[in-house]
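# A look at the structure
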Amino acid sequence: MSQFNFTLTKQDFDAQPWEHALTACNEPTCSEYCGILKARLDDSKAKSDAKAEQVYTLLHAASSLHFELGSPRQPFRPAVILEKVRSAAIEDFGPSDGAVLGEIAAEIKDPEFRARICDLLWVIRRDYRMARLAIPAYVESAKRLEQLPRPWFFVERFRRAIQLAMMVGQGDAALLKSVTGEIEMLLDRRESAESKWTCADLMHVLVQAGAGDSAKLSAACEAIATRAEKNANWSVARAYWQRKSDWHRLADQPEEYRLALIRAAETYVGEAESALKRATPSHGACASNLQRAVEALRRIPGTKERVDELHTRILNEQEHSMGETTTQSFQVDISGMVKSTVEMFKGKPKNDVLIGLAFFGEWPEKEALRKSALESLKQSVWSQIIPTVFTTSSGKRLAEKPGGVFQTEDEQELTVKAQMMQELQRHRGLMVDGGIKPAVHVINSEHFVSREDLIFLVENNPFVPPGHEGIFLRGLHAGITGDFLVAAHLLIPQIENSIRYLLVNYAHEPRTSKLKDDLTQLERDLNELLYHEDVEKVLGPDLVFTLRALLIEPGFGANLRNNLSHGLMSTDQFVDNDSIYSWWLVWRVCCM
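Nothing here was measured: the structure is a model prediction, and the numbers come from that model. (Residues numbered from 1 in each chain as written. Predicted model: local features only at pLDDT ≥ 70, side-chain atom pairs only at ≥ 80, totals over all residues. Heavy atoms only, no water.)

### Structural notes on the overall build of the protein chain
Scanning the protein chain from terminus to terminus reveals 28 helices and six strands. Scored against the burial criterion, the 592 residues of the protein chain give a buried share of 50%. For the protein chain, the share of sequence-separated contacts (at least 6 apart) that also reach a separation of at least 24 residues comes to 66%. In the form shown here, the protein chain has an accessible surface area of approximately 27800 Å², with 53% of it arising from carbon and sulfur atoms. (Helix = DSSP H or I, 4+ residues; strand = E, 2+ residues; numbered from the N terminus. Buried < 20%, exposed > 50% of the residue type's maximum accessible area, 1.4 Å probe, protein only. Contact = heavy atoms within 4.5 Å. Areas by Shrake-Rupley, 256 points an atom, 1.4 Å probe, with all protein chains shown as cover.)

### Here's the deal with the nonpolar core
Grouped together as the largest cluster of nonpolar side chains are 85 residues, with contacts concentrated most on Phe13, Trp18, Phe93, Phe113, Phe158 and Ile183. The biggest single contributor to this core is helix H8 (residues 152–168), with 10 residues. Apart from residues no more than four positions distant in its own chain, isoleucine 183 is found in contact with Phe158, Ile162, Leu202, Val205 and Leu206. Among the nonpolar cores identified, the runner-up in size contains 78 residues, and Ile436, Val442, Met569 and Tyr581 belong to it. (Core = buried A, V, L, I, M, F, W, Y, C linked by side-chain atoms within 4.5 Å.)

### Topic: the pattern of salt bridges
A full pass over the atoms with the stated rule returns 42 salt bridges. Close ionic contact of lysine 47 with aspartate 43 constitutes a salt bridge, the shortest N to O distance being 3.1 Å. The partner of arginine 306 in a salt bridge is glutamate 266, and the shortest N-O contact between them spans 2.9 Å. Here arginine 306, found in helix H15 (residues 304–321), pairs with glutamate 266, found in helix H13 (residues 254–276); they are 40 residues apart in sequence, far enough to count as distant. On the accessibility criterion, arginine 306 (24% relative accessible area) is partly exposed. Owing to a relative accessible area of 24%, glutamate 266 belongs among the partly exposed residues under this scheme. Several salt bridges share partner residues, and in doing so they unite Lys10, Asp14 and Glu107 into one network. (Salt bridge = Lys/Arg side-chain N within 4 Å of Asp/Glu carboxyl O.)

### Describing the packing of aromatic side chains
Across all of its chains, the model carries 15 aromatic pairs by this definition. Pairing phenylalanine 463 with phenylalanine 472 gives two aromatic rings, centres 6.1 Å apart and planes at 75 degrees, and the pair type is edge-to-face. Pair check on accessibility: phenylalanine 463 and phenylalanine 472 agree, each one buried. Among the aromatic side chains, those forming a connected cluster through ring pairs are Phe345, Phe360, Tyr581 and Trp584. Sitting over the ring of phenylalanine 67, arginine 116 keeps its end group 5.5 Å from the ring centre. Here arginine 548 stacks its cationic end above the ring of tyrosine 531, 4.1 Å away from the centre of that ring. (Phe/Tyr/Trp six-rings, centres within 6.5 Å; stacked < 30°, edge-to-face > 60°. Lys NZ or Arg CZ within 6 Å of the ring centre and 35° of its normal.)

### Concerning the side chain of serine 218
Turning to its location among the elements, serine 218 is positioned in helix H11 (residues 214–230). Since its relative accessible area comes to 7%, serine 218 is described here as buried. One polar contact links the side chain of serine 218 to the main-chain carbonyl oxygen of alanine 215, over a distance of 3.0 Å. Setting aside anything within four residues of it in sequence, one finds serine 218 in contact with Lys244, Trp247 and His248. (Polar contact = N/O pair within 3.5 Å; in protein donor to acceptor, adjacent residues only side chain to side chain.)

### Section: the side chain of arginine 77
Take arginine 77: it is sitting in strand E2 (residues 76–77). Discounting residues that sit within four places of it in the chain, arginine 77 has contacts with Leu65, His66, Glu68, Phe448, Val449 and Thr481.

### Quick look at the environment of arginine 588
Along the chain, arginine 588 turns up in helix H28 (residues 577–590). The class for arginine 588 is buried, based on a relative accessible area of 8%. Through-space distance from the C-alpha of arginine 588 to that of phenylalanine 360 is 9.5 Å; in sequence the pair is 228 residues apart. For arginine 588, the contacting residues outside a window of four places in its chain are Ala358, Phe359, Gly361, Glu362 and Trp363.

### Some thoughts on the packing of H13 against helix H14 (residues 283–298)
Their axes nearest at 8 Å, the elements H13 and H14 cross at an angle of 175 degrees. Taken together, the axes of H13 and H14 lie roughly antiparallel to each other. Contact residues: Ile262, Ala265, Glu266, Tyr268, Val269, Glu271, Ala272, Ala275 and Leu276 in H13; His283, Ala285, Cys286, Asn289, Leu290, Arg292, Ala293, Ala296 and Leu297 in H14. Class assignment for the residues of the contact of H13 with H14 results in 13 nonpolar, two polar and three charged. (Axes fitted to C-alpha atoms, helices over the stretch in contact; angles between N-to-C directions. Parallel < 35°, antiparallel > 145°, perpendicular 65-115°, else oblique. Nonpolar A, V, L, I, M, F, W, Y, C, P; charged D, E, K, R; others polar.)

### Quick notes on helix H3 (residues 30–46)
Every α-helical turn comprises 3.6 residues, leaving residues that sit three or four positions apart pointing alike. For H3, spanning 17 residues, the distance from its first C-alpha to its last is 24 Å, which sits close to the expected 24 Å at 1.5 Å a residue. Along H3, the positions that sit buried rather than exposed are Cys30, Tyr33, Cys34, Leu37, Leu41 and Ser44. Seen along its axis, H3 keeps its buried residues to an arc of 105 degrees; they face one direction. Elements in contact with the buried residues of H3: helix H2 (18–22), helix H4 (50–64), helix H6 (111–125), helix H7 (128–145) and H8. Serine 48 occupies a position one or two residues after H3 and carries a positive phi of about 55 degrees. (Expected span 1.5 Å × (residues − 1). Arc of directions from axis to C-beta.)

### Some thoughts on the packing of H14 against helix H23 (residues 484–506)
It is at 13 Å that the axes of H14 and H23 come closest, and there the two elements cross at 85 degrees. Taken together, the axes of H14 and H23 are roughly perpendicular relative to one another. Facing H14, whose interface residues are Gln291, Val294, Glu295 and Arg298, H23 presents Tyr501, Asn505 and Tyr506.

### Considerations on the confidence of the model for the protein chain
Overall, the prediction assigns the protein chain a mean pLDDT of 87, with 89% of residues at 70 or greater. Contacts from residues 326–332, a stretch scored under 50 in pLDDT, to residues over four places away or in other chains number 12 contacts. A low-confidence stretch, residues 394–399 stays under pLDDT 50, and its non-local contacts, those more than four residues away or across chains, total 16 contacts. (pLDDT = per-residue confidence, 0-100.)

### Some words on the environment of lysine 10
Assignment of secondary structure puts lysine 10 in helix H1 (residues 10–14). When the C-alpha atoms of lysine 10 and isoleucine 104 are compared, they prove to be 6.4 Å apart, with 94 residues separating the residues in sequence. When neighbours within four sequence positions are excluded, lysine 10 is seen to be in contact with Val100, Glu103, Ile104 and Glu107.

Structure (structure tokens):
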């Protein structure tokens, strides 16, 4: 249902100096225009100028929308989505709003804002004329933004122009060429000095459109990748070997395609070697990168010998890593923790904060939890004497922590387990309120995070089975943009399948199912898998205990997996600490 649907005319827009106001921005992007237009909106409210307020409300709403280019037909989303409020969305614009914006769109001088309004009208009215007007406006805006230090802005504009040209330009090759030709000229100019990912991102846009000179651009990729390898810039090198493989795939060159993928996989080995050359060498980081290399090579024919060689080395590095310990402490003062988190993430580059989100916290060590639980029980004698019954919200009994002075050995162990899981619950609360929420807030305040920004989390990842990358990507992106309901529904079921995949491929345990008397073979569910001894060998006892407490323990733990699977969770429960922590935990595991 529309929120606006104002009764405005073109003359009402002409009467306001909004276009002149845009020229005051140092960075000609809609995200910057949003602040200027909000100031004008506030000024109109203060002056009780109703027409001006409505004009600036529409313009501010349009400028505030964020790109979500993974969905070409619905490319805009609210900039802010909180538990009970959000910023402007597409559905807020009514028919009368679309009509008056259609009258001013073609005459807007600023290409960035002209592209935004024309594209908005294409989305809400499916106006083909507006889509065609948006395409050259996006190209003009992209060329202007190329001069600024943040390259993803101009790449986004080119990508959106390509999307529109492919949607509305069937049979009009010249329309698509008007965009791809500009990108190819830009690549010619940037290639020789490229040391980051910008050319790879631009090439990805061309690949999606099936455009570009494959021979020329594959050679460019090899040149950039080779330079990056000499500088030990492995992630950049990997991006260009992967892009080179794309060009060979488009050119139907299967052997060259395979070799390029192998070169991309070998960059993980280079990264592993670099981990051992740090001031403080890390065998754990070395093993983790070697695992990614193995995962990438397993998907390429003819690499078994190399996989076996690297697997032997992984075992050696893992053995050396056992002496490396990581500790994590938390302040009791939550305000101090929040302040530290904000300072840690504020003003940092996007790639740094996305990786930093994984490594600023850790799950507790199981043995440390046990010691803490025993100490807590010693200090609180009553907690041992008085039994505790855990129930559902409707009063149904889930579990009981035994009481009494003379407990059996099993009862004592159950009491300790319950206390350990209560300690974990406090840890999750501190992590979410003091760390995860403030970090996500800073990231969204300073950066626009697209799904493409998160590909590094899922590609060639031992925890992400082949064919499941898109599910993980959507779930991780939903969480970073505040939609934890979607994140939980997508990611929690995937954890179960990922553990099966790890058992088969890394613990060499093919029996992830069970044979029933009627000879049917049912997959073991998470309630059984997390108690499989080989799972601890792969993931470690600390992470496994954290997963048990979070996903499958009724009463003592959060029991998220079972509650979600059986539809027992209310909407509010998807934005509580346990759900948010589960999203972060998957993010963290994907960076292992």
